[in-house]
Amino acid sequence: MAPIRASDWRKLPLSLTDLCIETTLRCGQSFRWRKIDDEWNCVLYGRLLSLKQDKHHLHYKVTSTNAIPPVLTPPVSAKGEPEADGDGVGVDVDDTESLLRHYFSLKIDLTALYNQWSKSDPNFRKKAPKFTGIRILNQDPWEALIAFICSSNNNISRISQMVHKLCKYYGPLVGHIGDEAFHDFPTPQALSGKKVEAHLRELGFGYRAKYIAETARLVCEEKPEGWLESLINPENPGWCKVVTPKAAEVPTYKHAHEQLLLLSGVGPKVADCVCLMGLGWGEAVPVDTHVWQIAQRDYKFGKIKSKTFSKAMYDSVGDHFRSIWGPYAGWAQSVLFTANLKSFSEQASAKAEVVDVKVKVKVEEVGDAAAVGPLPRTRKRRQVVVTEAVKIESNTSTETVRASKRTRKTMS
DNA sequence: CCGCCACCTTACGA
DNA sequence: ATCGTAAGGTGGC
């Protein structure tokens, strides 16, 4: 494909409270952005994109592309003025703006959300002012899936290296900046090769090599075309229209989560990461070790004896955060998660304030009515922990409520 | 269903 | 220095 000429910088009016790329691109959502000379660079949808931001604008340009069709397809009805460059053919109207609007979910009013979360949560109100402009990215679901499989029991630095290696060895080369090569993320087919697992092990992926190879093969060979995309939140469709197979069931967050759990190397946490950052389910709350610490320290979740928390505990944390933050709980979670990251600790000098919220935890059986979708093989009893936020006047007691537990068979 | 524990690798503190 | 531990967990008992 004929390379288009390097485009000039364009800009999008945007305040730092609407979006802060410095934070959003570094807080462990995407592991592919690289900062070079004050510009953030990444390949998205086959095009090498550069971003920089000042107080009032997000500046962007595309330096090279493998995109098919090329970036010249005019957007549906771009509100932005199509900076005519004078050749009059209209080929300078690119759709990169609409790509960015989608990637950063700019349709969402972030300031309104921050206000809402601050109103309903004293802890958020205290922590958030130093971490404004943090958005959930609309990433490619496949990339999110593989990247977060890499994230298990791992750190952001190494995850980034691993994702970079995947692109370098299995993704198409798109362009260079200086002497640095930029590849797109590899396709499922590219990661389905016979020797992938062994090669990834050589590259230092550890036990995740097997998960990646198995998941790639499953998606390629066992699932219909567009299966992963069929799990996308219909209210938040992908940027590229994908022909999805007839939805066997109404897409819901719960259904997407269940489906992802069937993949190799995907547990509840990774499934929620993919739901939130790849499939557009804003209510997904990935509960990792950091979020669990936050829940215990700032939201009075009781200490537990066991080293790892149970699935029921996992669900209870997510349910609790959804109850106080609402349908975009995952977005709020990422703000507090970032505030809690060590790499951002210089920003978070404030000490935790005692919050007048206490959580009562009790275990309760959930019936079939709440179970979503027919799980053919793994029909099993489900047990969840129900949480209840209770306002306490000035009581800072950390008394934990004894968990009561009942079991009931729900086999049919 | 709950609680352990092995699992790859790297970096950091004691 | 060598070791234990933690790092955005998952799968198998």
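Residues numbered from 1 in each chain as written. Chains lettered and ligands numbered in written order. Predicted model: local features only at pLDDT ≥ 70, side-chain atom pairs only at ≥ 80, totals over all residues. Heavy atoms only, no water.

Draft legend 1. Just the pattern of salt bridges, in detail. What the rule picks out here adds up to 13 salt bridges. We note a salt bridge from aspartate 319 to arginine 322, for which the minimum N-O separation is 3.0 Å. Of this pair, aspartate 319 and arginine 322 both sit in helix α12 (residues 311–325), three residues apart, which is roughly one turn of the helix. Judged by its relative accessible area of 19%, arginine 322 is buried. Here the salt bridges share partners, and the residues they tie into one network are Glu22, Arg26, Lys35 and Asp38. (Salt bridge = Lys/Arg side-chain N within 4 Å of Asp/Glu carboxyl O. Helix = DSSP H or I, 4+ residues; strand = E, 2+ residues; numbered from the N terminus. Buried < 20%, exposed > 50% of the residue type's maximum accessible area, 1.4 Å probe, protein only.)

Draft legend 2. Summary view of the sheet that holds strand β3 (residues 39–44). If you trace the five strands from one edge of the open sheet to the other, you get β1-β5-β4-β3-β2, paired in antiparallel fashion. Each end of this open sheet is capped by a strand with a single partner; those strands are β1 (10–13) and β2 (34–36). Within the sheet, the average angular offset between the axes of one strand and its neighbour, ignoring direction, is 30°. Note: β1 against strand β5 (residues 57–65), four bridges, orientation antiparallel. Residue pairing in the sheet places leucine 12 in a bridge with leucine 58 of β5. Strands β1, β3, β4 (47–53) and β5 of the sheet are contacted by helix α2 (residues 96–103), whose axis makes an angle of about 70° with β4. (Pairing = 2+ DSSP bridges. Axes fitted to C-alpha atoms, helices over the stretch in contact; angles between N-to-C directions. Contact = heavy atoms within 4.5 Å.)

Draft legend 3. Structural context of helix α6 (residues 156–170). For α6, with 15 residues, the first-to-last C-alpha span of 21 Å sits near the 21 Å given by 1.5 Å per residue. Among the residues of α6, Ile159, Met162, Val163, Leu166, Cys167 and Tyr170 are the ones counted as buried. In an axial view of α6, the angular spread of the buried residues amounts to 140°, which keeps them on one side of the axis. (Expected span 1.5 Å × (residues − 1). Arc of directions from axis to C-beta.)

Draft legend 4. The arrangement of the protein's contact with DNA strand C in detail. If you check the shell around DNA strand C, you find 25 residues, and the closest are Gly28, Asn153, Asn154, Gly265 and Gly267. Between glycine 267 and DNA strand C, the recorded distance is 2.8 Å, taken from a backbone N or O atom to a phosphate oxygen. Counting residues per element, the ones that place at least two in the surface near DNA strand C are α10 (268–277) and α11 (289–298). Ranked by the residues each element gives to the surface near DNA strand C, the list is headed by α10, at four residues. Its residues assigned to classes, the surface near DNA strand C shows eleven nonpolar, twelve polar and two charged. (Near = heavy atom within 4 Å. Polar contact = N/O pair within 3.5 Å; in protein donor to acceptor, adjacent residues only side chain to side chain. Nonpolar A, V, L, I, M, F, W, Y, C, P; charged D, E, K, R; others polar.)

Draft legend 5. The arrangement of the nonpolar core in detail. In this structure, Leu260 and Trp325 are the most contacted members of the largest nonpolar core, which totals 79 residues. Apart from residues no more than four positions distant in its own chain, leucine 260 is found in contact with Leu228, Leu231, Val266, Ala271, Val274, Cys275 and Leu279. Residues Leu51, Leu58, Leu99 and Leu100 belong to the second largest nonpolar core, which totals 21 residues. (Core = buried A, V, L, I, M, F, W, Y, C linked by side-chain atoms within 4.5 Å.)

Draft legend 6. Fine view of the packing of α11 against α12. Running from amino to carboxyl end, α11 crosses α12 at an angle of 65°, the nearest separation of the two axes being 11 Å. The pairing of α11 with α12 is recorded here as roughly perpendicular in orientation. Crossing handedness for the pair α11 and α12: left-handed. Across from Val291, Trp292 and Ala295 in α11, the residues of α12 making contact are Met313, Val317 and Phe321. (Parallel < 35°, antiparallel > 145°, perpendicular 65-115°, else oblique. Left-handed = near helix turned anticlockwise from the far one by under 90°.)

Draft legend 7. Quick peek at the packing of aromatic side chains. For the coordinates displayed, the defined rule picks out 14 aromatic pairs. For the ring pair tryptophan 117 and phenylalanine 124, a centre distance of 5.4 Å and an interplane angle of 70° mean the geometry is edge-to-face. We note that tryptophan 117, like phenylalanine 124, is buried. Geometrically, the ring pair formed by phenylalanine 309 and tyrosine 314 is tilted, given 6.3 Å between the ring centres and 55° between the ring planes. Take tyrosine 314: its relative accessible area is 5%, and that puts it in the buried class. Cluster of aromatic residues (ring-pair linked, three or more members): Trp292, Phe301, Phe309 and Tyr314. It is arginine 34 that lies over the ring of phenylalanine 182; its NZ or CZ is 3.7 Å from the centre. When the ring centre of tyrosine 207 is taken as reference, the NZ or CZ atom of arginine 208 above it lies at 4.5 Å. (Phe/Tyr/Trp six-rings, centres within 6.5 Å; stacked < 30°, edge-to-face > 60°. Lys NZ or Arg CZ within 6 Å of the ring centre and 35° of its normal.)

Draft legend 8. How the structure looks around the packing of helix α5 (residues 141–150) against helix α8 (residues 208–222). For the pair α5 and α8, interaxial distance at closest approach is 9 Å and the crossing angle is 155°. Classified by the angle their axes make, α5 and α8 are roughly antiparallel. Note on packing geometry: the crossing formed by α5 with α8 is right-handed. Taking contact as the criterion, the partners of Trp142, Leu145, Ile146, Ile149 and Cys150 in α5 are, on α8, Arg208, Tyr211, Ile212, Thr215, Ala216 and Val219. Its residues placed into classes, the contact of α5 with α8 shows nine nonpolar, one polar and one charged.

Draft legend 9. Expanded view of the pairing of β4. With five of seven residues buried, β4 is to be regarded as a mostly interior element. In the sheet, β3 pairs with β4 via five bridges, with the strands oriented antiparallel. Of the residues in β4, the one forming a bridge with cysteine 42 is leucine 49. Remark: two residues form the turn of the hairpin made by β3 and β4, two consecutive strands paired antiparallel; tyrosine 45 in that turn has positive phi of roughly 50°. As paired strands, β4 and β5 are joined by seven bridges and run antiparallel to one another. Within β5, the position partnered with serine 50 by the bridge is lysine 61. The antiparallel pairing of β4 with β5 creates a hairpin that spans three residues between the two strands.

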